[in-house]
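A structural walkthrough
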Amino acid sequence: MALFGGLLVAPANVLAAPDSEPLFLAARTEGGRHAIAVFDSRGSELFSIPVNARGHSFAIDARNRMAVAFDRAPGTHAVLFDVDNRKDPLPLISAPGRHFFGHGIFSSDGKLLLASENDYDGGRGVLGVYDVAAGCRRIGEFASGGVGPHDLVLMPDGRTLCVANGGILTHPDYDGIKLNLDEMTPSLAYVDLHSGELVEEVRLAPELHRLSIRHLVVDAFGAVWFGCQYEGEAADRPPLVGRHRSGEEPVLFAGPAETLRALNNYVGSVAVDLSGEIVATSSPLGGLITYWDAATGRNLGQTPLADGCGVAPLQDGGILATSGRGKIAAVDIGKSRLRSVAEQPAVGWDNHLRRIG
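Residues numbered from 1 in each chain as written. Predicted model: local features only at pLDDT ≥ 70, side-chain atom pairs only at ≥ 80, totals over all residues. Heavy atoms only, no water.

1. Considering the overall build of the chain
- Within the chain one finds one helix and 30 strands.
- Against the 2.2 N^0.38 benchmark of 21 Å for 357 residues, the chain shows a C-alpha radius of gyration of 19 Å, consistent with a compact globule.
- Dimensions of the chain, computed from C-alpha atoms along their principal axes, come out at roughly 50 × 45 × 40 Å.
- Residues counted as buried form 57% of the 357 residues belonging to the chain.
- Counting only contacts in the chain whose residues sit at least 6 apart along the sequence, the fraction spanning at least 24 positions is 48%.
- Per element, the accessible surface of the chain, about 14600 Å² overall, is 50% carbon and sulfur. (Helix = DSSP H or I, 4+ residues; strand = E, 2+ residues; numbered from the N terminus. Rg over C-alpha atoms; globule rule 2.2 N^0.38 Å. Buried < 20%, exposed > 50% of the residue type's maximum accessible area, 1.4 Å probe, protein only. Contact = heavy atoms within 4.5 Å. Areas by Shrake-Rupley, 256 points an atom, 1.4 Å probe, with all protein chains shown as cover.)

2. Digging into the pattern of salt bridges
- Following the criterion strictly, the structure yields 18 salt bridges and no others.
- When the shortest N-O distance is used, the salt bridge between Arg-42 and Asp-40 registers 2.9 Å.
- Of the charged contacts in the structure, one is a salt bridge between Arg-203 and Glu-201, with a shortest N-O distance of 3.4 Å.
- Note on Glu-201: relative accessible area 33%, which makes it partly exposed. (Salt bridge = Lys/Arg side-chain N within 4 Å of Asp/Glu carboxyl O.)

3. Focus: the sheet that holds strand E11 (residues 112–119)
- Reading across from one edge, E10-E11-E12-E13 is the order of the four strands in this open sheet, with antiparallel pairing throughout. Of all strands in the sheet, those with a lone pairing partner are strand E10 (98–106) and strand E13 (137–143), marking the two edges. Adjacent strand axes in the sheet meet at a mean angle of 30°, parallel and antiparallel pairs treated alike. (Pairing = 2+ DSSP bridges. Axes fitted to C-alpha atoms, helices over the stretch in contact; angles between N-to-C directions.)

4. Details of the nonpolar core
- In terms of nonpolar packing, the biggest core is built from 31 residues, with Cys-162, Leu-188, Ile-213, Leu-216, Trp-225 and Val-279 touching the most fellow members.
- Of all the elements in the fold, those that place two or more residues in this core are strand E15 (160–165), strand E16 (187–192), strand E18 (211–218), strand E19 (224–230), strand E22 (269–272) and strand E24 (288–293).
- When residues no more than four places from it in sequence are discounted, the contact partners of Cys-162 are Asp-151, Leu-152, Val-153, Met-155, Leu-188, Ala-189, Tyr-190, Leu-216 and Val-224.
- Grouped together as the second largest cluster of nonpolar side chains are 17 residues, Leu-25, Ala-27, Val-79 and Ile-356 included. (Core = buried A, V, L, I, M, F, W, Y, C linked by side-chain atoms within 4.5 Å.)

5. Describing the packing of aromatic side chains
- Summed over the entire model, instances satisfying the criterion amount to four aromatic pairs.
- A ring pair is formed by Phe-24 and Phe-39, whose centres lie 6.4 Å apart and whose planes are at 20°; its orientation type is stacked. Remark: Phe-39 occurs in strand E4 (residues 33–39) and Phe-24 occurs in strand E3 (residues 23–30); sequence separation between them is 15 residues. Accessibility classification places Phe-24 together with Phe-39 in one group, the buried group.
- With a centroid separation of 5.3 Å and an interplanar angle of 70°, the aromatic rings of Phe-70 and Phe-100 are classed as edge-to-face. Here Phe-70 is found in strand E7 (residues 66–71), whereas its partner Phe-100 is found in strand E10, with 30 residues between them in sequence.
- The class for Phe-100 is buried, based on a relative accessible area of 1%. (Phe/Tyr/Trp six-rings, centres within 6.5 Å; stacked < 30°, edge-to-face > 60°.)

6. Regarding the pairing of strand E30 (residues 347–356)
- Of all ten residues in E30, eight are buried, a share of seventy percent or more.
- Relative to E30, E3 is paired through seven bridges, and the arrangement is antiparallel. Along E30, the bridge assignment pairs Glu-30 with Val-347.

7. Comments concerning the sheet that holds E19
- Strand order across the open sheet formed by four strands is E18-E19-E20-E21, with antiparallel pairing between neighbours. Of all strands in the sheet, those with a lone pairing partner are E18 and strand E21 (251–253), marking the two edges. Taken over all neighbouring pairs, the strand axes of this sheet differ in orientation by 30° on average, direction set aside.
- Pairing geometry for E18 and E19, over seven bridges, is antiparallel. From the neighbouring strand, Val-218 faces E19, where its bridge partner is Val-224.

8. Thoughts on the confidence of the model for the chain
- Residue-level pLDDT values for the chain average 93, and 94% of them are 70 or greater.
- In the model, residues 1–18 has pLDDT below 50 throughout and makes 37 contacts with residues more than four positions away in sequence or in other chains. (pLDDT = per-residue confidence, 0-100.)

9. Regarding unusual backbone geometry
- The peptide bond linking Ala-73 to Pro-74 adopts the cis configuration, its omega dihedral lying at 0°.
- The topology assignment puts Pro-74 in the loop between E7 and strand E8 (77–82).
- A positive phi angle, close to 60°, is found at Asn-264, a residue other than glycine.
- Mapped onto the fold, Asn-264 is located in the loop between helix H1 (257–262) and E22.
- Overall, Asn-264 belongs to the partly exposed group, its relative accessible area being 37%.

Here it is, written out as structure tokens:
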């Protein structure tokens, strides 16, 4: 085992998944040790990559079977790896004056990697641009269109990025303190990934300026769904889930009052089922996974999962979910039932679960 720029690279595991088997990626912590794990829908691990800090989420190039795992913000390390474990992982380090926000995306041809980053001395968000063929060499950056960019998704046109600018100003010198809560301006910014041009920008109503937009997914109809965390008074109960269609104003969905209360002002992850017609949102603080009809915004039900956050689509139309208490579970959306797939109480799964294949 060797250490490269903050990344511990372990010997490859011998297990391999069948070609037709979807794989899942998640970051985990066990006994104070951090790793990126690749496993199947039964929770069987194929291999893992030890890293020296908590991981967060992934950029995935499904065509070339590659992925990048990012440190949790304010992270300075990431790792490019082959999801079939055929090549050695490649460590990546953020540029001087920048740190990662935990998310990224590949261009549709796999030639570029874009990562949400903080220009912390400039007090602005940027998207770092990396040349994959050149070993993910950083070749430039674009403005993210706001402050505190977190998640980003590629729109169906294959050219436009949608960026969740959470609006929260932070600086690594101030130990995670949120420096601008009174002046937050969360937004969705649509950016041309080739030119960096801001194509469209939408903001929430002024009274919701403390509703930080964090995580995104695109549904079957080409609309962007977003999940939020609220930075206002604990007793407030603003809606936390929204949808935006290009050229329109964003629409927020509260669901039943008891569900909204249970979410505890925090949505940790967002996914769609394989049809793209059902949206799943998770709240680790509320211990709840909720479902929404993508066409109408109607709440379709909920499933309890203590400290559950990672969500990704299963082949049968359900959702695979992970929790910070070591559980991997399959969720039947129609019946709002959960079936445990694997349980490792000593393992803490981090926020995001991503599917490839």
